[in-house]
Amino acid sequence: MGTFPKKTWSSKLALAVTAGILAASYAPQTFAAAYSGNSNVIWGMQSDDSKTFGSNLSVAANGSLVFDFGEAVTFTNSGVASPKSLINNGDIPGTVIIKNDFTGIMHSKDYSAMAIKAGWMEGNFDMPVDQRGAVIFDGNVTLRDKSVAGEWGVTAKDIHGGFSTYNGARWQPVGIRSGLCGDVIVNGKLDMAVKGSALVTDPYYKALKTTGSKEYDDDLKTATITTNGDVNIDTPEDYTEAFYSIANYGGTINVNADATAARDKTVVIKGNVLTMRDGDGRGEPYFYRTGQTNIGLTNDKSSWTGVVDNTGTKQTGEVNLWLQNNAVWNHKSLSLTNGISLGELPALSAPQYDKYDGITHINKLSGGSSEANAGLIFQDNKANIDINNYSGHTTVFYKHDNDGSASADYTAGDVIIRNAEKDSAINMVTDKNRYQRQRKTEQCSECTGRQADLRGLCK
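To start, this report covers the structure provided alongside it.

The rules behind these values
Residues numbered from 1 in each chain as written. Predicted model: local features only at pLDDT ≥ 70, side-chain atom pairs only at ≥ 80, totals over all residues. Heavy atoms only, no water. Helix = DSSP H or I, 4+ residues; strand = E, 2+ residues; numbered from the N terminus. Buried < 20%, exposed > 50% of the residue type's maximum accessible area, 1.4 Å probe, protein only. Areas by Shrake-Rupley, 256 points an atom, 1.4 Å probe, with all protein chains shown as cover. Pairing = 2+ DSSP bridges. Salt bridge = Lys/Arg side-chain N within 4 Å of Asp/Glu carboxyl O. Arc of directions from axis to C-beta. Contact = heavy atoms within 4.5 Å. Phe/Tyr/Trp six-rings, centres within 6.5 Å; stacked < 30°, edge-to-face > 60°. Lys NZ or Arg CZ within 6 Å of the ring centre and 35° of its normal.

Notes on the overall build of the protein
Now for step 1: Looking only at helices and strands, the protein features one helix and 36 strands.
Now for step 2: In the protein, which comprises 459 residues, the proportion classed as buried is 58%.
Now for step 3: For the protein, the accessible area works out to roughly 17,600 Å², and carbon and sulfur atoms hold 49% of it.

Below, the structure is given as structure tokens:
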């Protein structure tokens, strides 16, 4: 246990052909690498985008629209009502590729903002998964405005979707959104500060297996977001509103991980996570689908501060978390939970959502390869952490009153492990007196503090 901090909590939490894309009568022009206003939006349509971006746009052999500005590029759209995106490859199948580092600033004066959008918006259905709208960034992506308090790069005047009696997060401003049959891939670093929801998949409808098919495909393929570089996500710490670092209304969001393995990039996330599941049929026909969120925290510079919100147990999708090599999960809510159902949902939507069940549900938690490489959880919320499948090594830190020997000394929620791989282990540690208990699959001792309900480790 010597490698784990016992008292200094803050130490771990510091926290196509190029020449043929233009009409013969149009003279190509190379623009400076800064664009602002309504007229400078990437639409994913060659006819429109070539007029705006000139020779900065080419068409690849596979038909992808390739934007190369020769240097880092900044897109700004502030104080306007429409359009509400900087890149909007929606409603048109095809791929947009941004070759350069991209900075975006999106401030809407009304109720909506989606800085980067791929895929079809609501109002479309029976789209096949082989007809997709994608946005791919080969460089770094920054959604941050250093000229405003909080450096929020994406904001809107009304963050509740324009509904006067609704106070929730369902239609708040979005940093990156993937809709039906949409894909967003960030190959470089991603740095974003969003006063709303940072990463969002939201297909609304099901998708067909392929063109001409009459069968629906797996919901997890309907919309995707994938990050392949370092990630830094900021959302507000605000206990009067609900905000999400990740809001998955169907599809797959991969942050330094996929469903099978994690990668080695540095990830810092500040904000709660929501992943939906159409577990009782109420997502039909266009409210939400089933989602899977994969997060990899695999080095000692990586951390997540937040809880998993939900709209009821049956509507909770998969969250898979890799927590390894002294990476930190600070289990503390940074904004209100029950974030979808705050205030009055519109009459059409209200029956489709249940209420937050008060539990952080984790489908799979993969800890470190050994005690020295364990992941660290700071349990600082009343919500239980309920883990369906567990493997590896993790240390959980608890604050307590008195000497920590009684259940009443603990105010944070339990850690519940329902299934565990052989030779997995978890250590429970407090901030004073180093009071600890350990449970392993091959050694099951008594633990009197209610902070340990490790069912899968003691069978």
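A short note on the pairing of strand β24 (residues 291-297)
Now for step 1: Within β24, seven of the seven residues are buried, which leaves the element mostly enclosed by the surrounding structure.
Now for step 2: The pairing of strand β21 (residues 251-255) with β24 spans five bridges and is parallel. Its bridge partner being in β24, G251 is matched across the sheet by G291.
Now for step 3: The sheet contact formed by β24 and strand β27 (residues 318-323) spans six bridges and is parallel. Counterpart to G296 in the pairing with β27 is W322.

Focus: the pattern of salt bridges
Now for step 1: Evaluation of the coordinates by the stated rule reveals 19 salt bridges.
Now for step 2: When the shortest N-O distance is used, the salt bridge between K206 and E284 registers 3.0 Å. Taken together, the residues span a long stretch of sequence, with K206 in the loop between β16 (197-201) and β17 (207-208) and E284 in the loop between β23 (272-275) and β24 at a distance of 78 residues.
Now for step 3: K206 sits in the partly exposed class, given a relative accessible area of 25%.

Some remarks on the pairing of β27
Now for step 1: Across the six residues of β27, five count as buried, placing the element largely inside the fold.
Now for step 2: As paired strands, β27 and strand β29 (residues 359-366) are joined by three bridges and run parallel to one another. Within β29, the position partnered with L321 by the bridge is L365.

Some points on helix α1 (residues 46-53)
Now for step 1: Listed as buried for α1 are D49, S50, T52 and F53. Burial along α1 is one-sided: seen end-on, the buried residues are contained in an arc of 165 degrees.
Now for step 2: Buried residues belonging to α1 abut β1 (34-36), β2 (57-59), β3 (65-67) and β4 (73-80).
Now for step 3: A positive phi of about 50 degrees marks G54, the residue just after α1.

Here we look at the packing of aromatic side chains
Now for step 1: Applying the stated rule across the entire model yields 18 aromatic pairs.
Now for step 2: Geometrically, the ring pair formed by F53 and F67 is edge-to-face, given 5.6 Å between the ring centres and 90 degrees between the ring planes. Linking F53 in helix α1 with F67 in strand β3, this pair joins segments that are 14 residues apart in sequence. Comparing F53 with F67, the two get one shared label, buried.
Now for step 3: Taken together, Y35, F53, F67, F69, F75, F102 and F137 form an aromatic cluster joined through their ring pairs.
Now for step 4: Between the NZ or CZ atom of K84 and the centre of the ring of Y111, over which it lies, the distance is 4.5 Å.

Structural notes on the environment of A412
Now for step 1: Among the structural elements, A412 can be located in the loop between β32 (393-398) and β33 (415-417).
Now for step 2: Sequence separation between A412 and A383 is 29 residues, and the spatial gap between their C-alpha atoms is 7.0 Å.

Quick notes on unusual backbone geometry
Now for step 1: Geometrically, the link from E284 to P285 is a cis peptide bond, its omega value of -15 degrees lying close to zero.
Now for step 2: Mapped onto the fold, P285 is located in the loop between β23 and β24.
Now for step 3: The phi torsion at N256 lies on the positive side, around 60 degrees, for a residue other than glycine.
Now for step 4: Here N256 shows up in the loop between β21 and β22 (267-270).
Now for step 5: Positive phi values are uncommon outside glycine, yet D423 reaches one of about 70 degrees.
Now for step 6: Considering the arrangement of structural elements, one finds D423 in the loop between β33 and β34 (425-430).

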